[in-house]
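Observations on chain architecture
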Amino acid sequence: MRTLTIAATVLSLLGRKVSASIPGPVTVKGNAFFVDDERFYIRGVDYQPGGSSELIDPLATESCKRDIPYFQELGINTVRVYTVDNSKNHDECMNALEDAGIYLILDVNTPKFSIKREYPKESYNSIYIQHVFATIDAFSKYGNTLGFFAANEVVDNPTTTKSATYVKALIRDMKAYIQKHIKRHIPVGYSAADVASNRMQVAHYLNCGPDEERAEFHAVNDYSWCGKSSFRNSGWDQKVKNYSDYSIPLFLSEYGCNAVNPRPFTEVEALYGKDMTPVFSGGLVYEYSQEPNDYGLVELESLTGDKVKKLDDFENLKKSFAKYPIPTDDGGYKRNGKPSKCPPKTDLWEAEDELPPMPDNASKYLELGAGKPRGTDGPSNQYTPGVDKVPVDTGAPGPAPTDDPTDTASSSASSSASSSSSDTSSTDDDSAAGANGVGLFVAGVFIAGTLLCGFAL
């Protein structure tokens, strides 16, 4: 019996990816994140060497492995990445992040593919939908993908509130695609600008209406705590009060005002303290690498070079994180909050409660799959009506391709993916599992046989 148990264990370990560093996928319960029964607090940095508007994919280069030791030195558990190339292979970096105990929150947009706030209706088209769905395909196979941002700061002033309608439509579409094609549920949310005139309208709008349309988390880019401010002087006390009845997880997708340099990061104490944890689930410091806007924690000699210089901000943040650890309790989270009420339309809030249907020619990607990711190739979804030609969608729907060009089984595997968004009990969802299964089985039989012989002796 002992021999069979050991052999079965070996076979089980060989048949799936194992990581002691990531305890499991992050899920949503009430207004908080959880891993199994333990609350998960986001403690991370925004990571986009070269700047958030550049078409540079930090998860597809060797620089990722260069930077992970610095992430570990800080003691973070999450990175946010703004831009990736969905046609590239990200296995090496994502696996290294997983081994380091680090999750990813990914923006599905790039400078070339996003909702254009001036022309949201026109940019919400099938080219864009294909790009978003293909990005979901590319990163859903990684167990440390925590969530997807549908958009970042699309509503950035009182004149762009109409665009919120299309952000919410995209959230609906992403949730539907994940439910239909992805084996585990990955939450979808929005990263909002901290605009006083509409910050609460944006938050409530994305959390109102039917479940299939609502965001599953909300985040705010907040720079109101500068230098050695305080919970009250920064206005964070009012933000906690304003969001006290919010029913989904809330966190800071960017923080770290640089009006005072070097930054002391005194806000860390409040962010992970008892005054904020009932409402907020941590945050992401802006940003890892020094760029022209002067928010960097480190200075890179080059995007691909080996030399990294830690700045004073790095040391200050490291000290602050060490002094104020992540809470070990549930923080007093709200278990059974109710969805928000949709904000009424006004001159300063023009989003529609009734969402538009999926764009013409886009439903094929929802039904059949996004097909081959086009990366940064092909036409952009953005154009100016009356000035630019309307871009033509040349994509072909179908299952996501695997890393093995000879694997023809992916079609049936993709089409039979779980349709339940709450199913997190499935086994390894690596797209190449079918191609690797025979080799793993042979290796498992060999090892199991060796164990049997050893115990028989």
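Conventions and cut-offs
Residues numbered from 1 in each chain as written. Predicted model: local features only at pLDDT ≥ 70, side-chain atom pairs only at ≥ 80, totals over all residues. Heavy atoms only, no water. Helix = DSSP H or I, 4+ residues; strand = E, 2+ residues; numbered from the N terminus. Buried < 20%, exposed > 50% of the residue type's maximum accessible area, 1.4 Å probe, protein only. Contact = heavy atoms within 4.5 Å. Areas by Shrake-Rupley, 256 points an atom, 1.4 Å probe, with all protein chains shown as cover. Axes fitted to C-alpha atoms, helices over the stretch in contact; angles between N-to-C directions. Parallel < 35°, antiparallel > 145°, perpendicular 65-115°, else oblique. Left-handed = near helix turned anticlockwise from the far one by under 90°. Nonpolar A, V, L, I, M, F, W, Y, C, P; charged D, E, K, R; others polar. Core = buried A, V, L, I, M, F, W, Y, C linked by side-chain atoms within 4.5 Å. Phe/Tyr/Trp six-rings, centres within 6.5 Å; stacked < 30°, edge-to-face > 60°. Polar contact = N/O pair within 3.5 Å; in protein donor to acceptor, adjacent residues only side chain to side chain. Salt bridge = Lys/Arg side-chain N within 4 Å of Asp/Glu carboxyl O.

A tally of regular secondary structure across the protein chain gives 13 helices and 13 strands. A buried classification covers 53% of the 457 residues belonging to the protein chain. Counted over contacts in the protein chain with a minimum sequence separation of 6, partners at least 24 positions apart contribute 81%. Summed over all atoms, the accessible surface of the protein chain reaches about 20,200 Å², with 53% contributed by carbon and sulfur.

Okay, the packing of helix 5 (residues 126-140) against helix 6 (residues 164-181) next. Two numbers describe how helix 5 lies on helix 6: the axes approach to 11 Å, and their chain directions differ by 45 degrees. In terms of orientation, helix 5 and helix 6 fall into the oblique class. For helix 5 against helix 6, the interelement crossing comes out right-handed. Contacts from Y128, I129, V132, F133, I136 and D137 of helix 5 reach helix 6 at L170, D173, M174, Y177 and I178. Of the residues that constitute the contact of helix 5 with helix 6, the class distribution is nine nonpolar, no polar and two charged.

The next thing to look at is the nonpolar core. Ranked by size, the top nonpolar core spans 96 residues in total, and within it F71, L97, F133 and F139 carry the most contacts. Other than its neighbours up to four places away in sequence, F71 contacts V45, Y47, I76, V79, L97, I102 and Y288.

Here we come to the packing of aromatic side chains. What the rule picks out here adds up to 21 aromatic pairs. Ring geometry for F149 and F217: centres 5.6 Å apart, planes at 70 degrees, overall edge-to-face. Of this pair, F149 sits in strand 7 (residues 145-152) while F217 sits in strand 9 (residues 217-221), and the two are 68 residues apart along the sequence. F217 matches F149 in its accessibility class, with the two residues each being buried. The interplanar angle of 75 degrees and the centroid separation of 5.3 Å between the aromatic rings of Y286 and Y295 together place this pair among those described as edge-to-face.

Okay, the environment of H181 next. Mapped onto the secondary structure, H181 falls in helix 6. For the pair H181 and A400, spaced 219 residues apart in the sequence, the C-alpha separation amounts to 9.6 Å. In terms of polar contacts, H181 uses its side chain to reach the backbone carbonyl oxygen of L366, at 2.6 Å.

Right, let's get into the environment of T27. Along the polypeptide, T27 turns up in strand 1 (residues 27-29). For the pair T27 and H185, spaced 158 residues apart in sequence, the C-alpha to C-alpha distance is 8.1 Å. Beyond its immediate sequence surroundings of up to four residues, T27 is in contact with A32, F33 and F34.

A pair can form between side chains of opposite charge whenever their charged atoms are brought close. The final tally for this structure, using the stated rule, is 21 salt bridges. In this structure, E315 and K310 form a salt bridge, with 3.9 Å as the shortest nitrogen-oxygen distance. R374 serves as the salt-bridge partner of D393, at 3.4 Å between the closest nitrogen and oxygen. Residue D393 is found in the loop between helix 11 (363-368) and helix 12 (410-415), and its partner R374 is found in the loop between helix 11 and helix 12; the two are separated by 19 residues along the sequence. Residue D393 shares its accessibility class with R374, and that shared class is buried. Because the salt bridges share partners, they merge into one network encompassing E73, K310, E315 and K318.

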